[in-house]
Amino acid sequence: MREVFLPRTLDELWDLLHRRPEAAIYAGGTDVLVKLRAGLIVASSLICLERIEDLKGVRDHGDEVYIGAATTHRALLADSVIQKHFPILIQALGVLGSPPVRNMGTIGGNVVTASPAGDTLPPLYVLDAEVEVRWGDGAQRLPLSRFILGPGKTSLGPGQLLTGVWLRKSADYNVHHFEKVGQRKALAIAVVSLAALLQVSDSGRIDQARLAWGSVGPTVIRSVEVESALEGRVISRDVLDHAAALAQTAVSPIDDIRAGGAYRRTVAGNLLLRLMNYAG
Ligand SMILES: Cc1cc2nc3c(=O)[nH]c(=O)nc-3n(C[C@H](O)[C@H](O)[C@H](O)COP(=O)(O)OP(=O)(O)OC[C@H]3O[C@@H](n4cnc5c(N)ncnc54)[C@H](O)[C@@H]3O)c2cc1C
């Protein structure tokens, strides 16, 4: 029999983590419970974050927005602050898993899973998200790109918890674009995904570009080189073709059961051609 603990406060949680350092933590459980059932994780006790209210919800702090780590994908999709300021995150959440997965799964779970295919990650990278990590009597805020170290690997140490994600509001971008290519239309893990934030002038010139690809490397890949190839240029097929060729060399995909590396490389470039839709 496995023990399951349901702390209601962070203080209760710190105490539990101290007493049961071997326990596995879960929020929605859509990754952890599947892995437990498959025998990929062995844990004699589980600690569930679901009842800790401090870890849930979206808080508007003016220039910044705080998302509690245990906020579900469904709650984020319904949140008016996220809808207004971070449409690119809404686009990604809308294609994450299925309604039951979105009802249970959380943003913190998606981030800590640190899968290169995690759908919230490319949007969070282009938004320059920061994460808040806490432990008994300490806290740290660091860029998401420094928190995620590799596939399934983060900088979280023993007894540490991801408590939330910080996003800075920005009026700089008027194109918010996320696209995921999977093996089928629904309930598909990304074979390649692209998050793009662009500031496009009335004449169609790209003044700023931020691009991040999922599933084409050990972590999400951003490329300053590809961004620079777009900045200062009017959107055209030639400009996008050139950027697509650069993107294909910037990514480092592998072969796996879902797709070959060469296919992923081609798609990573081709996804940029979709930005033609935003030509003036
Ligand atoms: C059928 C199915 C389809 C799916 N489709 C997709 C998809 O399309 N796109 C996608 O991105 N993902 C998908 N997933 C994966 C999963 O649903 C998501 O990654 C989800 O966001 C995980 O959130 P969770 O709260 O359920 O994580 P959990 O399973 O609760 O936890 C995942 C990991 O994060 C850790 N963790 C969770 N919260 C914290 C915290 N606050 N601090 C420290 N550690 C924490 C846990 O210990 C565990 O290691 C799918 C899963 C299933 C079962």
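Residues numbered from 1 in each chain as written. Predicted model: local features only at pLDDT ≥ 70, side-chain atom pairs only at ≥ 80, totals over all residues.

Student: When you look at the packing of helix H11 (residues 237-250) against helix H12 (residues 261-273) in this model, what are you seeing that I'm missing?
Tutor: Any two packed helices are characterised by how steeply their axes cross, that is the angle between the axes, and by the distance between the axes. Interhelical geometry of H11 versus H12 gives an angle of 155° and a closest axis separation of 8 Å. In terms of orientation, H11 and H12 fall into the roughly antiparallel class. The hand of the H11/H12 crossing is right-handed. Contacts between H11 and H12 involve Leu240, Ala243, Ala244, Ala245, Ala247 and Gln248 from the first element and Arg265, Thr266, Ala268, Gly269, Asn270, Leu272 and Leu273 from the second. (Axes fitted to C-alpha atoms, helices over the stretch in contact; angles between N-to-C directions. Helix = DSSP H or I, 4+ residues; strand = E, 2+ residues; numbered from the N terminus. Parallel < 35°, antiparallel > 145°, perpendicular 65-115°, else oblique. Left-handed = near helix turned anticlockwise from the far one by under 90°. Contact = placed C-beta atoms within 7 Å.)

Student: What is the right way to look at the environment of Ala38 in this model?
Tutor: Structurally, Ala38 can be placed in the loop between helix H2 (32-37) and strand S3 (45-48). Taking the number of C-beta atoms within 10 Å as the measure of exposure, Ala38 has 8 and is therefore exposed. Taking the C-alpha atoms as reference points, Ala38 and Pro123, 85 residues apart in sequence, are found 30 Å from one another. (Buried ≥ 20, exposed ≤ 12 C-beta atoms within 10 Å, placed from the backbone.)

Student: Is there a simple way to think about the domain arrangement of the chain in this case?
Tutor: As a measure of interface size, the accessible area lost when the parts come together is often cited. Parsing the chain into structural domains produces domain 1 (52-168) and domain 2 (175-278). With centres defined by C-alpha atoms, the gap from domain 1 to domain 2 works out at 22 Å. Residue-level contacts link 18 residues of domain 1 with 23 residues of domain 2. Every element with two or more residues in the side of domain 1 that touches domain 2 is listed here: helix H5 (87-94), helix H8 (121-126) and strand S8 (148-150). The biggest single contributor to the side of domain 1 that touches domain 2 is H8, with 5 residues. Of the residues belonging to the side of domain 1 that touches domain 2, the class tally is 13 nonpolar, 4 polar and 1 charged. (Domains from an automatic or database assignment. Nonpolar A, V, L, I, M, F, W, Y, C, P; charged D, E, K, R; others polar.)

Student: Before we go on, may I ask you to explain the sheet that holds strand S5 (residues 64-68) in this structure?
Tutor: Either a parallel or an antiparallel arrangement is found when strands of a sheet pair, and the pairing is made through backbone hydrogen bonds. The 5 strands are arranged S4-S5-S10-S6-S7 in an open sheet whose pairing can be described as antiparallel. The open sheet has two edge strands with one neighbour each: strand S4 (58-60) and strand S7 (138-143). Adjacent strand axes in the sheet meet at a mean angle of 25° when their direction is disregarded. Alignment of S4 against S5, held across 3 bridges, turns out to be antiparallel. (Pairing = 2+ DSSP bridges.)

Student: Please clarify how the sheet that holds strand S13 (residues 206-214) should be interpreted in this entry.
Tutor: If you walk across this open sheet you meet the 4 strands as S11-S12-S13-S14, and the pairing is antiparallel. The sheet is open, and its two edges are formed by strand S11 (175-181) and strand S14 (221-222), each paired on a single side. Sheet topology note: the S13/S14 ladder contains 2 bridges and is antiparallel. When the sheet's bridge partners are listed, Ala212 is paired in S14 with Arg222. Relative to S11, H5 is tilted by about 20°, and along the sheet it contacts S11 and strand S12 (192-200). Each of S11, S12 and S13 is contacted by H12, which is oriented at about 20° to S12, the strand it contacts most.

Student: What's the story with the pairing of S3 in this structure? I'm lost.
Tutor: Residues in a regular strand point their side chains to alternate faces of the sheet. Relative to S3, strand S1 (residues 3-5) is paired through 3 bridges, and the arrangement is parallel. Directly across from Glu3, in S3, lies its bridge partner Ser45. Both strand S2 (residues 24-26) and S3 contribute to a ladder of 3 bridges, which runs parallel. Within S3, the residue paired with Tyr26 across the bridge is Cys48. Viewed along the sheet, the connection from S2 through H2 into S3 turns out right-handed. (Right-handed = clockwise from strand over helix to strand, strands pointing away.)

Student: Sorry if this is basic, but what is going on with the site of the ligand here?
Tutor: Around the ligand, a shell composed of 30 residues is seen, among which Gly28, Gly97, Gly105, Gly109 and Asn110 lie nearest. Elements that contribute at least two residues to the shell around the ligand include exactly S2, H2, helix H6 (99-104), helix H7 (107-113) and strand S10 (161-168). With 5 residues, H7 is the single largest residue contributor to the shell around the ligand. Per-class residue counts for the shell around the ligand are 17 nonpolar, 11 polar and 2 charged. (Near = placed C-beta within 6 Å.)

Student: Honestly, H11 in this entry has me stumped. Any pointers?
Tutor: Along an α-helix, residues three or four apart share an orientation, since each turn contains 3.6 residues. Its 14 residues place the ends of H11 20 Å apart at the C-alpha level, agreeing with the 20 Å of an ideal helix rising 1.5 Å per residue. Regarding H11, the residues found buried are Leu240, Ala243, Ala247, Gln248 and Ala250. Buried residues of H11, viewed axially, fall in a sector of 155°; they line one side. In H11, the exposed residues that point more than 90 degrees away from the buried face are Asp238 and Asp241. (Expected span 1.5 Å × (residues − 1). Arc of directions from axis to C-beta.)

Student: When you look at unusual backbone geometry in this model, what are you seeing that I'm missing?
Tutor: Comment: phi is negative for the bulk of residues other than glycine, and the bulk of peptide bonds are trans. A positive phi angle is found at Ala114, which is not glycine, with a value near 55°. Along the chain, Ala114 falls in the loop between H7 and H8. Not every positive phi belongs to a glycine, and Ser215 is a case in point at roughly 70°. Relative to the elements of secondary structure, Ser215 occurs in the loop between S13 and S14.

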